[in-house]
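Commentary on secondary and tertiary structure
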Amino acid sequence: MTVETGPDLQRDPRSVLTTGTFDGVHVGHQEILRYLVQRAHEVNGVPTVVSFDPHPREVLGSDRIPLLTTLEERARLLEALGVQRFVVLPFTRDLSLLEPEAYVEDVLIGQVGLREIIIGYDHRFGRGRAGDRSTLERLGARHGYSVDVIPAHIEAGATVSSSRIRRQLEKEGAAAEAARLLGRPYELAGTVVAGDQRGRTIGFPTANVLLEDPRKLVPRVGVYAVQAELATGDRYDGMMNVGVRPTFETDGSVTVEVHLFDVDVDLYGRAMRVQVHRRLRDEVRFAGVDALVAQLHEDRRQAKSILAGLS
């Protein structure tokens, strides 16, 4: 699959495309994308996703939108579904102000290339969301592309929303429910950096993970059962703490720390991808180190039981 953006954009008139942010590539997205790939094969086209970065809501509003998937993760998931082109348009206020006709003619046809566009029945686009299906069909008759509306049963499956999954993870820490809607465990990826090494002194050494993209959504503060994968392909069971470590004196910043079970390897400087399976508990302040260690042993027992049930 090719990933194209900005000056790297190569027009391909064979493109059978759909547009959207597709953050998370959740089960609803997956149904649409499988249909896209099927349609592209039927008309001998190139299955293409046109997406945007940053998230349009960040540009048009004042909200910070934490990402379920980085662009790199999104590309990997799209490729696994059979998408051959991933076009990322820099989303700017100027782009949002394009009239529907200009967006179709200058961007989709002129820059991306267009044989067929696949849309939802209520798809709106362009300045003031003035463009719709009839706009696309009128321009298609003029420029020689076709418009395909996603079948109703697939459209119904897309009622799963990225916003809902963000809320589950960020507000509730509901990792298991998020995994059901994503069709896979939620993942965090980053590089292991040096921490204060306090965990090693109490028998629970941890890897302090610096996330590869600061925009990535971090689940609600707490302790989670996880599996970690290194760039070598080695996988380990473990548990993760997201929080400020209130039992110790810290600066209050949120950290992501992973303790791997029954393994002693040098992780500093290594890339790690963490699959978040289940939330175990809130982060709490303990009366002392002994009480913390006793709870960590219980956390490890619970996490091992949960992860054993996955195999």
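Please refer to the structure placed before this passage.
Scope of this entry: the structure provided in the associated data block. (Residues numbered from 1 in each chain as written. Predicted model: local features only at pLDDT ≥ 70, side-chain atom pairs only at ≥ 80, totals over all residues. Heavy atoms only, no water.)

Bringing the overall build of the protein into the picture now. In terms of regular secondary structure, the protein is built from 11 helices and 12 strands. With respect to the three principal axes, the spread of C-alpha positions in the protein is 75 × 40 × 35 Å. For the protein, the share of sequence-separated contacts (at least 6 apart) that also reach a separation of at least 24 residues comes to 74%. Surface accessibility of the protein: about 14,600 Å² in total, with carbon and sulfur atoms responsible for 49%. Taking the average location of the 39 positive side-chain charges in the protein and that of its 44 negative ones, the two points are 3 Å from each other. (Helix = DSSP H or I, 4+ residues; strand = E, 2+ residues; numbered from the N terminus. Contact = heavy atoms within 4.5 Å. Areas by Shrake-Rupley, 256 points an atom, 1.4 Å probe, with all protein chains shown as cover. Lys, Arg positive; Asp, Glu negative; His and termini not counted. Charge placed at Lys NZ, Arg CZ, Asp CG, Glu CD.)

Our focus in this paragraph is the sheet that holds strand 9 (residues 222–230). Spatial strand order, 7-8-11-10-9-12: 6 strands in a closed barrel with antiparallel pairing. Shown here is a sheet whose adjacent strand axes are inclined to one another by a mean of 45°, direction ignored. Here strand 9 runs beside strand 10 (residues 235–243); their pairing, made up of 8 bridges, is antiparallel. Residue pairing in the sheet places Gly-222 in a bridge with Val-242 of strand 10. In the packing of helix 9 (residues 175–182) onto the sheet, contacts are made with strand 7 (186–193), strand 9 and strand 12 (271–281), and the angle to strand 12 comes to roughly 120°. (Pairing = 2+ DSSP bridges. Axes fitted to C-alpha atoms, helices over the stretch in contact; angles between N-to-C directions.)

This brings us to the pattern of salt bridges. Applying the stated criterion across every chain, the model contains 27 salt bridges. Note that Glu-42 and Arg-39 form a salt bridge whose closest N and O atoms lie 2.8 Å from each other. Here Glu-42 and its partner Arg-39 are both found in helix 1 (residues 27–42), 3 residues apart, which amounts to about one turn of the helix. The class for Glu-42 is partly exposed, based on a relative accessible area of 46%. Here Glu-187 ties to Arg-76 by a salt bridge, and the two come within 3.5 Å at their closest N and O atoms. In this pair, Glu-187 is assigned in strand 7 and Arg-76 in helix 3 (residues 71–80), connecting sequence segments 111 residues apart. A cluster of three or more residues bridged by salt bridges with shared partners is formed by Glu-73, Arg-76, Glu-187, Lys-216 and Arg-273. (Salt bridge = Lys/Arg side-chain N within 4 Å of Asp/Glu carboxyl O. Buried < 20%, exposed > 50% of the residue type's maximum accessible area, 1.4 Å probe, protein only.)

Turning to the packing of helix 8 (residues 162–172) against helix 9, a few remarks are in order. At a minimum axis distance of 8 Å, the contact between helix 8 and helix 9 shows a crossing angle of 160°. As judged from the angle between their axes, helix 8 and helix 9 are roughly antiparallel. Relative to helix 9, the crossing made by helix 8 is left-handed. Along the contact surface, helix 8 presents Arg-164, Ile-165, Gln-168 and Leu-169, while helix 9 presents Ala-175, Glu-177, Ala-178, Arg-180, Leu-181 and Leu-182. Per-class residue counts for the contact of helix 8 with helix 9 are 6 nonpolar, 1 polar and 3 charged. (Parallel < 35°, antiparallel > 145°, perpendicular 65-115°, else oblique. Left-handed = near helix turned anticlockwise from the far one by under 90°. Nonpolar A, V, L, I, M, F, W, Y, C, P; charged D, E, K, R; others polar.)

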